[in-house]
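Single-letter residue listing:
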Amino acid sequence: MLTGVRVVDCTTEIAGPYCSKLLADAGADVVKVEPPEGDPLRRWGSGALFEYLNTSKRSVRGGTGDLLAAADLFVSNEPVDAGALWAENPSLVVVTITPFGVEGPWAGHASTEFTLQAACGSIGQRGLPEQPPLAAGGRLGEWTSGTYAALGAIAALREAFRSGRGELVDVAMLDCMAVTMVTYPSVFASFAGWPTVAGTGRTIEVPSIEPTLDGYFVVTTNSAQQFRDFLLMIERPDLVDDPDLPQVAKRFRRRQEFLSAVHQFTTHHTTEEILEAAALFRIPAGPLLNGSNMTEFEQFVTRGVFVPNPSGRFVQPRVPYRISGASPRPFAPAPSLGQHDGSIHWPPRTNGSGPAGRGTASEGDAAADGWRLPLADIRVVDCTAWWAGPVATAALAGLGADVIKVESVTRPDNMRFASTRPPTHDRWWEWSPIFHAANAGKRGVTFDLSRPEGADMFAHLLQTADVLVENFTPRVMEQFGFDWERVHALNDQLIMVRMPAFGLDGPWRDRTGFAQTMECLTGMSWLTGFPDGPPVLVRGACDPLAGMHAVIATMLALMERDQGSGGTLVEAAMVESVLNAAAEQVVEYGSSGTLLCRDGNRGPQAAPQGVYPCAGEDQWVAIAIAHDDHWRSLRSLLDDPPWARNEALTHSVGRRAAHDHIDRELSSWTSRRSAEESARMLLDVGIPSAVVVPPRDIAANPQLRYRGLFEVEEHAVTGTHEIPTLPFRFSRVGRWLRLPAPTLGRDNDAVLEDLGYSPASIEGLRQSGLIGELPTGL
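Residues numbered from 1 in each chain as written. Predicted model: local features only at pLDDT ≥ 70, side-chain atom pairs only at ≥ 80, totals over all residues. Heavy atoms only, no water.

### Here we look at the packing of aromatic side chains
And then number 1: Under the defined criterion, the tally for this structure stands at 19 aromatic pairs.
And then number 2: On the basis of an interplanar angle of 70 degrees and a centroid distance of 5.1 Å, the ring pair of tyrosine 18 and tryptophan 143 is categorised as edge-to-face. Remark: tryptophan 143 occurs in helix α7 (residues 140–163) and tyrosine 18 occurs in helix α1 (residues 15–25); sequence separation between them is 125 residues. Exposure class is identical for tyrosine 18 and tryptophan 143. Each is buried.
And then number 3: The structure contains a cluster of three or more aromatic residues connected by ring pairs, namely Phe297, Phe300, Phe306, Phe502 and Trp508.
And then number 4: Sitting over the ring of phenylalanine 227, arginine 251 keeps its end group 4.1 Å from the ring centre. (Phe/Tyr/Trp six-rings, centres within 6.5 Å; stacked < 30°, edge-to-face > 60°. Helix = DSSP H or I, 4+ residues; strand = E, 2+ residues; numbered from the N terminus. Buried < 20%, exposed > 50% of the residue type's maximum accessible area, 1.4 Å probe, protein only. Lys NZ or Arg CZ within 6 Å of the ring centre and 35° of its normal.)

### Concerning the environment of alanine 192
And then number 1: Topologically, alanine 192 is positioned in the loop between α9 (185–191) and β7 (209–211).
And then number 2: Using a relative accessible area of 44% as the deciding quantity, one classes alanine 192 as partly exposed.

### Observations regarding the pairing of strand β19 (residues 609–613)
And then number 1: Burial runs high along β19: 4 of the 5 residues are buried.
And then number 2: The hairpin turn running from β19 into strand β20 (residues 620–624), its antiparallel successor, is 6 residues long, and glycine 616 in that turn takes a positive phi close to 105 degrees. (Pairing = 2+ DSSP bridges.)

### Regarding helix α25 (residues 628–637)
And then number 1: Along α25, the residues that are buried comprise His630, Trp631, Leu634, Arg635 and Leu637. Projected down its long axis, α25 carries its buried residues within an arc of 160 degrees, all on one side. Away from the buried face of α25 by more than 90 degrees, exposed residues Arg632 and Ser636 are located.
And then number 2: Where α25 is buried, its residues touch β20, α26 (652–657), α27 (659–670) and α28 (675–684).
And then number 3: Two residues or fewer past α25, aspartate 639 is found with a positive phi of approximately 65 degrees. (Arc of directions from axis to C-beta. Contact = heavy atoms within 4.5 Å.)

### A closer look at a nonpolar patch on the surface
And then number 1: Nonpolar side chains collect at one region of the surface, where Leu232, Leu280 and Phe281 lie side by side and expose about 300 Å² of accessible area between them.
And then number 2: With respect to the element layout, leucine 280 can be found in helix α13 (residues 271–280). (Patch = residues over 30% accessible without salt bridge, like charges linked within 9 Å, V, L, I, M, F, W, Y side chains within 5 Å. Areas by Shrake-Rupley, 256 points an atom, 1.4 Å probe, with all protein chains shown as cover. Salt bridge = Lys/Arg side-chain N within 4 Å of Asp/Glu carboxyl O.)

### Considerations on the packing of α7 against helix α22 (residues 542–562)
And then number 1: α22 packs onto α7 with a crossing angle of 20 degrees between their chain directions and a minimal axis gap of 10 Å. Judged by the inter-axis angle, α7 sits roughly parallel to α22. Crossing of α7 against α22: the hand is left-handed. Mapping the contact onto sequence places Trp143, Thr144, Thr147, Tyr148, Ala150, Leu151, Ile154, Ala155, Leu157, Arg158 and Phe161 in α7 and Pro544, Leu545, Met548, His549, Val551, Ile552, Met555, Leu556, Leu558, Met559 and Asp562 in α22. (Axes fitted to C-alpha atoms, helices over the stretch in contact; angles between N-to-C directions. Parallel < 35°, antiparallel > 145°, perpendicular 65-115°, else oblique. Left-handed = near helix turned anticlockwise from the far one by under 90°.)

### What to know about the confidence of the model for the chain
And then number 1: Within the chain, residue pLDDT values average 95, and 98% of them lie at 70 or more.
And then number 2: Low pLDDT, under 50, characterises residues 360–369; the predicted model gives this stretch 18 contacts beyond four residues in sequence or across chains. (pLDDT = per-residue confidence, 0-100.)

### Things to note about the sheet that holds β7
And then number 1: Read across the open sheet, the 3 strands follow the order β7-β8-β9; overall the sheet is antiparallel. Each edge of the open sheet is held by one strand with a lone partner, namely β7 and β9 (285–287). Ignoring strand direction, the axes of neighbouring strands in this sheet form an average angle of 30 degrees.
And then number 2: Direction of pairing for strand β8 (residues 216–219) relative to β9: antiparallel, over a ladder of 3 bridges. Counted as the bridge partner of valine 219 is alanine 285 from β9.
And then number 3: Where helix α12 (residues 255–266) meets the sheet, it contacts β7 and β8, and its direction lies at approximately 55 degrees from that of β7.

Structure, rendered in structure tokens:
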């Protein structure tokens, strides 16, 4: 799909290499430019993570030389002078991936993925009130940033091929983490009128990951029906009428009592028995897996999800999408350091042209036509619900597509009911913060696909569209009569993107799945929690990860269609997208037998690392000593106390061995200061640090505000509120949000008139209940 596209990758570690891996997997020629000593990830663990991230790439040492003059895309971990690069190569797409973005009050601050978790609210949201706030394991912020970087890169590349004009894609890890590792907490607070809260407000889901007779399982009770069915499953119908338990906050306050009742059932049954019972009740559930047993999970085995790495040392997840008519690129071995020194000779592009067959405009055409949003020519029909699918189509809308969300009055998007208003409030279903944030920029219609007339209207809409996206269980669209064969017959240029939880085939095909399930199946939750306690849900990352991988696959399919391939079927299973971003456990276990495990707020990249109590109620600061020079700076800041002069502490091995003692000393220092003062003092001497903020307070972060992550939504029902948008900046785009999230059926008339329906016929459809603006059956 990206055959002939030339990529220069000057990044190291995870985020940048994962971005360029996604490009290489799609066929791009990626040249990895490494420092003389190589990417530090080459020396990490058994080396398997480096090999996984850098398959199918070439390696040279030193500078970029003449490569950028002939490249299509440049990926960097550092800010670059894009103007100077465009003077030599006007169509070059430049992607920078930095902790805070290339400009702003925090640009240049010392950081690690751990301290960014504190700054984005992720740590502050997670854990029990009687314990310290808890970080997510697995460096997820780096993986999500790399995913967004690849999305921005491919989108900008499509427009560069059309217009001949390059773009600067400025990706900030903090922005990416603020829209993935928390679930729009500032929007919840804004909708609720910013009520006063004490401390970080951290919680865990109840129920979530629970013990069984032989391990753990995870259960999801997002809806009232799912929770009611769960009570029946655990043989406690007596709890159905308890007025507190259906309410998440009240259930959390009564967690010890409630979980005792849950465990009386779960600890007397095996994981397999519980999962069979959950399937009968159609309750989303799954086993807790890790690097030692993930490859044996029946759905992964049946679908062939794991494939050999070219080294033969381990297996790794396959490419997380399937596009009909496009064969996945076979993985080639990761290169040795400098393997391709002196052997790469890209001929220059003539007149800013892209790869052969890409149809790039000439300079004259670009000047006459101008740059536009990459998807300005695309119409998307959106049949998604909850979060993963809607956030994917919201990204398409931000990039310029005309996205039409299809609901029905009998079956609205269930995320509407995660409302900040009670059912007694007028139009309470319009007050869901997640619905707003994941559906901004779209138009909305209500077509009842279960009735023949509604299906006819939908078929007519598909004939005008470029992309159809849906994320139901596979049987739903088939029951409506819109499987791939029917859709392709209606419009042979249409790209149908299917986002099932587990895939279009296999024994788990028809099971429902939510983020909580994915976190446990892919081992994310295995790595999150204190070493002497149970695994803990990560919260947030899985839905956006799955959504953005689906957007990447959609963009690739559109680029294929740009070359004349016609419509295609895209399968982007949610669990496989997440698995690609959680692969370290599997590849490390396969290559060395090392099982990665949870370790609270400590981590393998820094010692000491943790959250430390500060003056005030429930105030914390995150600190990460990632390098020996950080330790020297810390000693100086603390006036080199006697305890810190121990020679063994000059290196990370010794500090890790003395972690408990160092934690006590640091806690004594931080507890005499506010979190803000502690973080400022540490940052002033170059030590990665951040206040552990309550999640909702990210809306006040000066760096996020400088970059414009939050944009104002003017909504007919909820009024004026700020919502987060795409977490990267294009140099030519000042604002991503162009429409507020749709009220139910808001655009029925406009869309149907565009399809040729008269005002009288539209009113007839409304009177018959085929369209409408109010949900029924509430």
